[in-house]
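Residue-level structure breakdown
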Amino acid sequence: MKTVLAIAAVAASAGAQAQSSVTVAGVADAAIRQVSNDGVGTDRSLASGGNATSRLIVRGTEDLGDGLSAAFWLEHGLALDTGTPAQATQFWDRRSTVSLASKSLGEIRAGRDFVPSYSNWSRYDPFAYVGVGSSSNLVSASPTGPIRGAFGSNPNTTVRASNSVQWLMPSGWGGLEGGVMVAAGEGGLAANGQHKVVGARVGYAAAGWGVSAAHSRTTNDLTADDAFTDSAVGANAGFGVVRVSAAWRRFRQLDATQTNLLLGAWVPMGSGEWKLSWTRANLSGQVGGTSIDDNDASQIALGYVYNLSKRSALYGTLSRITNSGAATYVVPGGPKGLAGGDSSRGIEAGLRHSF
Amino acid sequence: MKTVLAIAAVAASAGAQAQSSVTVAGVADAAIRQVSNDGVGTDRSLASGGNATSRLIVRGTEDLGDGLSAAFWLEHGLALDTGTPAQATQFWDRRSTVSLASKSLGEIRAGRDFVPSYSNWSRYDPFAYVGVGSSSNLVSASPTGPIRGAFGSNPNTTVRASNSVQWLMPSGWGGLEGGVMVAAGEGGLAANGQHKVVGARVGYAAAGWGVSAAHSRTTNDLTADDAFTDSAVGANAGFGVVRVSAAWRRFRQLDATQTNLLLGAWVPMGSGEWKLSWTRANLSGQVGGTSIDDNDASQIALGYVYNLSKRSALYGTLSRITNSGAATYVVPGGPKGLAGGDSSRGIEAGLRHSF
Amino acid sequence: MKTVLAIAAVAASAGAQAQSSVTVAGVADAAIRQVSNDGVGTDRSLASGGNATSRLIVRGTEDLGDGLSAAFWLEHGLALDTGTPAQATQFWDRRSTVSLASKSLGEIRAGRDFVPSYSNWSRYDPFAYVGVGSSSNLVSASPTGPIRGAFGSNPNTTVRASNSVQWLMPSGWGGLEGGVMVAAGEGGLAANGQHKVVGARVGYAAAGWGVSAAHSRTTNDLTADDAFTDSAVGANAGFGVVRVSAAWRRFRQLDATQTNLLLGAWVPMGSGEWKLSWTRANLSGQVGGTSIDDNDASQIALGYVYNLSKRSALYGTLSRITNSGAATYVVPGGPKGLAGGDSSRGIEAGLRHSF
């Protein structure tokens, strides 16, 4: 049951005034982290968001009657360790949307939000794409592959897209879920994160299992010669209290391909839960004439989350990345300068509080 | 009736603690927009704030007894399509004020707020200075005129001023309203928006009609040789359910003059309202030795707002700008490169949700 | 009694949902200020935070049972006169923490917060380190001394530290209070405010008096050859309604020393309180081969705070800085160019509203 207490309601500029429900929510999460890179050294740090990204959310829903509702969502990501916005110039970088929803026909949502293929990957990662065990350590940290070919060092669309309009299926379509996204390129600059995106996701959730697939296609005439495609397929299943997942995701642009694999498990124990994952990134082809075939790596991660309450938890996570060939993937937070093929290890212990 | 529910009250640094009322409010508004510029082409985009500027407001009032009250207002403007602050380095760019008000003597308000002549113009614009039909498309998009002469490309005072102190008339002075503003230049840089401003506004509102006038004078020794003056006069009247408006606003600096005219109408129909406007910008004189006489343009706009509730609405707007001479005014959101004298057309359909 | 009304509760990413208490609080404070620098001139301005720094706070506490609680605190500093964040790129610059507290064992707090030696100084300053009478006019405005030697013009640790973990004593240890802080250097850049800090504070508070001491040590291999140390001792006592304070604080790095002295008094009268302070900064030694022995100054300040309520107040403050030798300390807000040894005077009148 969601708890949403009424805060305030003034139709600021529209002249209308009525009761509303605004929810202020978020996550505050900090961890002590130690990362060791073979042949380089060890760094200790306070890290933000080892279990869930630290964030501040302002959102609300209005019941319009007849099964219709209007809603908005503003979500700001921040580094709790330093008080720094994830992106000062894009403060509401995590989500900024307005939407109109029908219980029978689904939701039309406009603004900045996750792309379908990201939503289809992160749900299968036991570490939810954050912390020393995050699959992002391999997936998004691969600027030597098709991501660099398509976007250079500019913002990319492997997680979110701005200027998008989505249709999302309503709940209650017999276990079906998913949606379609179109984002306008606006004739803008890739450097500003303005890309044209078309994507879709469809899933089926049954009692003890689920499966889903998604595909997103980004075109960006300014830096890429061809479309960047992002395909993802995943499944999960429960065996008693244990839940397992498997996922596959492939990025492609011109001759470059990055294939990501993920196996995950959640094992409840005591007041908490063990989490395990194995992630693999396999690159092939070339970017700008340079072969990326050798840039492969694997990561194993183990974590335990001890729930102090439904909202607060202590957690600890271990991870190790094994690079092959020239690959230099690292757990975030360590010293720079890892040599190709060397490994990286991370450990963190933290406190996550959802509000 | 304004609805303000109590949220919290801690006199954070002052050591005092008492019950308060903090209101979190705002607007989320996004529209699909298409803008065509003759001889150039067409761009489609997701736009923020076609009906009302997307924003987040934190504000509150404390009743001090004896007809006195204290209040604060922080208002942040944002682009909902991308999650981007209107100004990251001036986050609370729309308003940041603290005030002390008396029911009989009026309000003293300090901080950043609208200048009197802006307040006297925007109220007569059926499109409230936003969207493809906004009068701002001509009024503020005229950097070839006195605005450029006075401010260059730096922040100007045609909408708001920082470092201001205002006195605002109380309600209940027999239909009179208005106030006086003084903003300190602080010996600062025009590039930082630090201008010395003196302005006043006075209006009279009767049962079916109203009239008002305002004048603001900005001095800025660093970039302008002379004062920039901004004068505005307007009136509105109701005929049955139909309301019409007319307004005039003139910017002047040295030899340059920009005269803006506006005719507006609001026509309720069904669950919503038609809106019509005609805007004209007429430039004369010269800036930096260059004549600006030919830089004139007109805009016509037509829109319909369909109210889903008092707080949420669907809307659609059409507009067309006709340039004469060398003028290149455009509806925002189109491709660059309009030739002098060519026209620009915009259309948008969106969802506005006030919270 | 603290008033905290429930707003909302959604464990956003953790999947858990339960009732919460989020508090939105803060301070809105603006003053008309005039600062005269001898031999230079006078500037008038609207200033933010003459009595208390303008800020916005989002915070909350969750009762975990058994005397345990979890909490978070996000605090944003802003200039109310212009709507500008104190630091846009470090929006939550005043505080961003998550913590776990036990009634018997104290609190573990992680994130960005005050360093112990700052907390041990500001509490003895009647002007709370803000406004024309603030002791910061001498203490933190001394970049010619050890602060510059250690940090250059980069962020320093005389007020806050990022990446810190603290243990804070619980209340109820027989009048004892204080804590220990460790902040990770993270192998980072001093330019980004990444410093390694170790500090502690201990105080004893009795019925009519209190005494406390603190020491913080910052190491920063990138810009400083040696540690920067910050030691503070203070005491306060009440005589009837009058309260007085005395404090000493010393910064040291290599051959440079800055010794700060403070005498303060609070005298209730009518609906308000008089505040008096005398501050002295004494520099000795050298920075980069240049002697700083002559860079000494004293400040006297007198203020009155008239309480409109527990949350709102009108205030007025006068201050005068007397420089000796080559010192050029000034009250903030005046024109630039004070010659060494000349004096600076400030006066302000403002409104502070806590929400």
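Residues numbered from 1 in each chain as written. Chains lettered and ligands numbered in written order. Predicted model: local features only at pLDDT ≥ 70, side-chain atom pairs only at ≥ 80, totals over all residues. Heavy atoms only, no water.

**Focus: the overall build of chain A**
Scanning chain A from N- to C-terminus turns up three helices and 22 strands. Compactness check: chain A gives a C-alpha radius of gyration of 21 Å against a globular reference of 20 Å for 355 residues, within 12% of the reference. Each principal axis of the C-alpha distribution contributes one length, and for chain A these read about 65 × 50 × 40 Å. Expressed as a percentage of its 355 residues, the buried residues of chain A come to 57%. Here the contacts in chain A between residues at least 6 apart in sequence split such that 54% fall between residues at least 24 apart. (Helix = DSSP H or I, 4+ residues; strand = E, 2+ residues; numbered from the N terminus. Rg over C-alpha atoms; globule rule 2.2 N^0.38 Å. Buried < 20%, exposed > 50% of the residue type's maximum accessible area, 1.4 Å probe, protein only. Contact = heavy atoms within 4.5 Å.)

**Side note on empty space enclosed by the protein**
Gaps left between atoms are located by rolling a probe of water-molecule size over the structure's atoms. The full count for this structure, using the stated rule, is three cavities of 30 Å³ or more. Within this model, the largest cavity holds a volume of roughly 170 Å³. Around the largest cavity, the lining comprises 15 residues; the ones closest to its centre are L56(A), V58(A), L56(B), V58(B) and L56(C). Going through the elements one at a time, strand 5 (55–65) of chain A, strand 5 (55–65) of chain B together with strand 5 (55–65) of chain C are the ones with two or more residues in the lining of the largest cavity. Partitioning the lining of the largest cavity into residue classes produces 15 nonpolar, no polar and no charged. Approximately 40 Å³ is the volume found for the second largest cavity. Every residue along the wall of the second largest cavity is listed here: G50(B), N51(B), F127(B), K275(B), Y304(B), V305(B), Y315(B), G316(B) and T317(B). (1 Å grid on protein atoms, 1.4 Å probe; cavity = no way out; pocket = protein on both sides within 12 Å on 5 of 7 lines; lining within 4 Å. Points joined across faces, edges and corners; volume = space filled by probe spheres on them. Nonpolar A, V, L, I, M, F, W, Y, C, P; charged D, E, K, R; others polar.)

**Observations concerning the confidence of the model for chain A**
Residues and elements named next belong to chain A. For chain A, mean pLDDT is 90; residues scoring 70 or higher make up 90% of the total. Across residues 1–19 the pLDDT falls below 50, and counting only partners more than four positions away or on other chains, this stretch makes 69 contacts in the model. Prediction confidence for the complex, expressed as pTM and ipTM, is 0.93 and 0.92 respectively. (pLDDT = per-residue confidence, 0-100.)

**Quick word on unusual backbone geometry**
Positive phi values are uncommon outside glycine, yet D66(A) reaches one of about 60 degrees. Secondary-structure assignment places D66(A) in the loop between strand 5 and strand 6 (68–79). A positive phi angle, close to 55 degrees, is found at A128(C), a residue other than glycine. For A128(C), the location among the structural elements is in the loop between helix 1 (116–122) and helix 2 (136–139). Of the residues examined, A128(C) reaches a relative accessible area of 40% and is grouped as partly exposed.

**Section: the environment of A246(B)**
All names here are of chain B. In this structure, A246 sits in strand 15 (residues 242–253). Here A246 falls in the partly exposed class, since its relative accessible area comes to 32%. Sequence separation between A246 and L46 is 200 residues; the distance between their C-alpha atoms is 31 Å. Apart from residues lying up to four places away in sequence, A246 is in contact with Y124, V233, G234, A235, L262 and L263.

**With respect to the packing of aromatic side chains**
Scanning the entire structure with this criterion turns up 30 aromatic pairs over all chains. Ring plane angle 10 degrees and centroid distance 3.6 Å describe the contact between F355(A) and F72(C), whose orientation is recorded as stacked. Of the two residues, F355(A) is situated in the segment after strand 22 (343–354) and F72(C) in strand 6 (residues 68–79); the pairing between them involves two chains. Assigned by exposure class, F355(A) and F72(C) land together as buried. Following the ring pairs from residue to residue traces out a cluster consisting of F91(A), W92(A), F91(B), W92(B), F91(C) and W92(C). The ring centre of W266(A) lies 4.1 Å from the NZ or CZ of R243(A), which sits over that ring. (Phe/Tyr/Trp six-rings, centres within 6.5 Å; stacked < 30°, edge-to-face > 60°. Lys NZ or Arg CZ within 6 Å of the ring centre and 35° of its normal.)

**Quick word on the nonpolar core**
The nonpolar side chains of a soluble globular protein tend to be buried, and buried together. Core analysis: the biggest nonpolar cluster contains 60 residues, and W92(A), W92(B) and W92(C) have the highest contact counts within it. Ignoring sequence-local partners within four residues, the contact set of W92(B) consists of L56(B), V58(B), L74(B), E75(B), H76(B), R112(B), L56(C), H76(C), L78(C), G83(C) and F91(C). (Core = buried A, V, L, I, M, F, W, Y, C linked by side-chain atoms within 4.5 Å.)

**A closer look at the pattern of salt bridges**
For the structure on display, the rule yields 33 salt bridges over all chains. The salt bridge partner of E107(A) is R109(A), with a shortest N-O separation of 2.9 Å. Each of the two residues, E107(A) as well as R109(A), counts as buried. Among the salt bridges present, the one from D38(C) reaches R345(C), with a minimum N-O distance of 3.0 Å. Taken as a pair, D38(C) in the loop between strand 3 (22–37) and strand 4 (41–48) and R345(C) in strand 22 (residues 343–354) lie far apart in primary sequence, 307 residues in all. (Salt bridge = Lys/Arg side-chain N within 4 Å of Asp/Glu carboxyl O.)

**Topic: the environment of I147(B)**
All names here are of chain B. Locating I147 in the fold gives a position in helix 3 (residues 146–151). Classification of I147 by relative accessible area gives buried; the value is 3%. Remark: the alpha-carbon pair of I147 and Q253, spanning 106 residues in sequence, is separated by 7.8 Å.

**Overview of the pairing of strand 4 (residues 41–48) of chain A**
Residues and elements named next belong to chain A. In the sheet, strand 3 (residues 22–37) pairs with strand 4 via eight bridges, with the strands oriented antiparallel. Its bridge partner being in strand 4, Q34 is matched across the sheet by R44. With antiparallel pairing between neighbouring strands as the criterion, strand 3 and strand 4 make up a hairpin whose turn holds three residues, including G39 at a positive phi of roughly 80 degrees. (Pairing = 2+ DSSP bridges.)

**Overview of the side chain of S319(B)**
All names here are of chain B. With respect to the helices and strands, the residue S319 is situated in strand 21 (residues 312–323). The buried category is assigned to S319, whose relative accessible area is 5%. One polar contact links the side chain of S319 to the main-chain carbonyl oxygen of V132, over a distance of 2.7 Å. Ignoring sequence-local partners within four residues, the contact set of S319 consists of V132, G133, I300, A301, V331, S344, R345 and G346. (Polar contact = N/O pair within 3.5 Å; in protein donor to acceptor, adjacent residues only side chain to side chain.)

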